[in-house]
Structures are given as C-alpha cells and as structure tokens.
Amino acid sequence: MDAQNLEKINTMLDADVEIREKIKDQVTEFDKKARTLSGILNRIHSTRSEQMPALLDTARPILASCRETTAALAEIIPPNQFWKWKDMWSNSLRSAVFSATLVEYLHSGGLLTLEQVAEILGINPGWQDRFALSVEDYLHGVINLVNELSRLAVNAVTLGDFEQPIKISLFVKDVFAGFSMLNLKNDLLRRRYDSLKYDIKKIEEVVYDVSLRKLAPSTKPS
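Residues numbered from 1 in each chain as written. Predicted model: local features only at pLDDT ≥ 70, side-chain atom pairs only at ≥ 80, totals over all residues. Heavy atoms only, no water.

Enquirer: For this particular structure, what's the right way to read the packing of aromatic side chains?
Expert: The way to describe two aromatic rings as a pair is by their centre distance and the angle between their planes. Enumeration over the complete set of coordinates arrives at 6 aromatic pairs. Considering the side-chain rings of Phe179 and Tyr193, the 5.9 Å spacing of their centres and the 15° angle between planes classify their relative orientation as stacked. Of this pair, Phe179 sits in helix 7 (residues 164-180) while Tyr193 sits in helix 8 (residues 187-212), and the two are 14 residues apart along the sequence. These aromatic residues form a ring-pair network of at least three members: Phe82, Trp83, Trp89 and Phe131. (Phe/Tyr/Trp six-rings, centres within 6.5 Å; stacked < 30°, edge-to-face > 60°. Helix = DSSP H or I, 4+ residues; strand = E, 2+ residues; numbered from the N terminus.)

Enquirer: Mind showing me how you'd approach helix 1 (residues 3-41) here?
Expert: Residues that lie three or four places apart on an α-helix share one face, since the helix turns once every 3.6 residues. Here helix 1 spans 56 Å end to end across 39 residues, near enough to the 57 Å set by a 1.5 Å rise per residue. Residues Ile19, Ile23, Val27, Phe30, Lys33, Ala34, Leu37, Ile40 and Leu41 constitute the buried set of helix 1. (Expected span 1.5 Å × (residues − 1). Buried < 20%, exposed > 50% of the residue type's maximum accessible area, 1.4 Å probe, protein only.)

Enquirer: It is not clear to me how the nonpolar core should be interpreted in this structure. Could you clarify?
Expert: The tendency in soluble globular proteins is for nonpolar side chains to be buried side by side. Ranked by internal contacts, the top residues of the largest apolar core, which has 63 residues, are Ile23, Trp89, Leu121, Leu133, Leu149 and Phe179. Residue assignment for this core shows that the elements contributing at least two residues are helix 1, helix 2 (52-76), helix 3 (82-85), helix 4 (90-108), helix 5 (114-120), helix 6 (135-158), helix 7 and helix 8. Among the elements that take part in this core, helix 2 stands out by supplying 10 residues, more than any other. Not counting residues up to four positions away in its chain, the partners in contact with Leu121 are Leu63, Cys66, Arg67, Thr70, Leu93, Ala96 and Val97. Ranked by size, the runner-up nonpolar core spans 5 residues in total, among them Val157, Val206, Val210 and Ala216. (Core = buried A, V, L, I, M, F, W, Y, C linked by side-chain atoms within 4.5 Å. Contact = heavy atoms within 4.5 Å.)

Enquirer: What should I look at first to understand the confidence of the model for the protein chain in this one?
Expert: Atom-level detail of predicted coordinates should not be read off regions where pLDDT is low. Looking at the protein chain as a whole, the pLDDT averages 92, with 97% of positions reaching at least 70. Element-level mean pLDDT values for the protein chain span from 90 in helix 1 up to 98 in helix 5. (pLDDT = per-residue confidence, 0-100.)

Enquirer: So what exactly am I meant to see when it comes to the packing of helix 7 against helix 8 here?
Expert: Between two packed helices, what matters for the description is the angle formed by their axes and the separation of those axes. For the pair helix 7 and helix 8, the least separation of the axes is 10 Å and the interaxial angle reads 155°. Taken together, the axes of helix 7 and helix 8 are roughly antiparallel relative to one another. Helix 8 is crossed by helix 7, and the crossing has left-handed handedness. Of the residues in helix 8, those touching helix 7 at Pro165, Ile166, Ile168, Ser169, Val172, Lys173, Phe176, Phe179 and Ser180 are Tyr193, Leu196, Lys197, Ile200, Ile203, Glu204, Val206 and Val207. (Axes fitted to C-alpha atoms, helices over the stretch in contact; angles between N-to-C directions. Parallel < 35°, antiparallel > 145°, perpendicular 65-115°, else oblique. Left-handed = near helix turned anticlockwise from the far one by under 90°.)

Enquirer: Any chance you could explain unusual backbone geometry here in plain terms?
Expert: Both trends apply: most residues other than glycine have a negative phi, and most peptide bonds are in trans. With a phi angle near 65°, Asn80 is a residue other than glycine that sits in the positive phi range. In this fold, Asn80 is placed in the loop between helix 2 and helix 3. Asn80 sits in the exposed class, given a relative accessible area of 67%.

This is the structure:
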C-alpha cells in the first residue's frame, strides 16, 4: 500500500473508533434507563390490580426519557450506516420495546404495533438509514413480554387476581397465532418463538387450576 492509501485507511479507522465510543456512551445511558424500567416493572408481580395504574405512572416518564437517547444515537450515526452499528444497541432497544409493550398491556390489555413502539421511543421514520426499530428487535421485545406475562399469570393468582391469568392466556395465544403466520428466517428468533409453547403451557396450567377451583368470577356458579 502506498502512503496516501494508508493515511486514508487510518483516517477511516480513527473515525470509526470515535463513532464507536460515542455510541458506547449513549448505550450505557440507554442501559441505565432499561434497568430502571425493569426494576420498576418487576414490582408488577407483587402489586395488586387496583394499585397497578400508580405503578405504571412511575414507569412512563422513564420510558419517555428514552426518546432523548434514541435522538442522540440518530445524531451520531452517519447516513446509511444503520446496519453497521445496530448490534451495539439492539439489547437496550429490545428491553425498551419490552417495557413499552408491558406498560401498554397492563394499561389496556392490547399489543402495541411496531410503529406505535417506535413513536413512544421517539424513533423518527426519517432516521431509517441511521437509527430505526427493526422488525427483529420488535419481535424479540414482544417475546420478552410473553415470557414476563407467563410469570405474572402465576403471581396474579397468589395476589388473589383470578381473572388476570385468563386475560393473559387469551392475549398470549393471540400473539402466538400471529407469530405462527410469520416467515421467520432468523434462527435465534425462530428458537425463541418455539419456546413460547412452554409459556403457553405454563399459563394454561394456571387457568385450568383457576377454572377447576371455580375461582374466577366467570367460572363461579351464579
């Protein structure tokens, strides 16, 4: 290689190092927010249904603050380099997707679309070539949601909420049916989708027990 070519390569390498360090700083901040959200939302397993709205209200401001981090990341990434850097923040983003979808489920019983999650996290469609919510990251977040709901189904019964497992069962089966219609090429995503069968089985066992013992209002004799 001639000196000019080497200098050009060194300049490119230095630029990449600088970008990587800036991304690391923002991802560290993203991780802090994700851990805080996880800590707050973990309390759903010991929170009664009438106290749930107050708990969700403590999570929403932190979820909203993720918008600052996504905007900062979009500012750092050069045009057309999304796929080059996305693995650096994928785990943090999936965790944020999980938190957003869990808050919405506990509020309304529904599932946020990819576009709705992106809007909550402040991800601008115009950033598509720099920072975006990929389909894979969204689906990983939804799978995390199902994993958490299977745990909630058990703990809700402990707290005397016998309707929640039935609601969770209907919701999770609907999500699973949606996944079954997707053509999943990603091996990790496919394996994680297959594992949802165990979550469904766990939830069904809880629902069966609640129904057998006639604990839920809909199963009690009138």
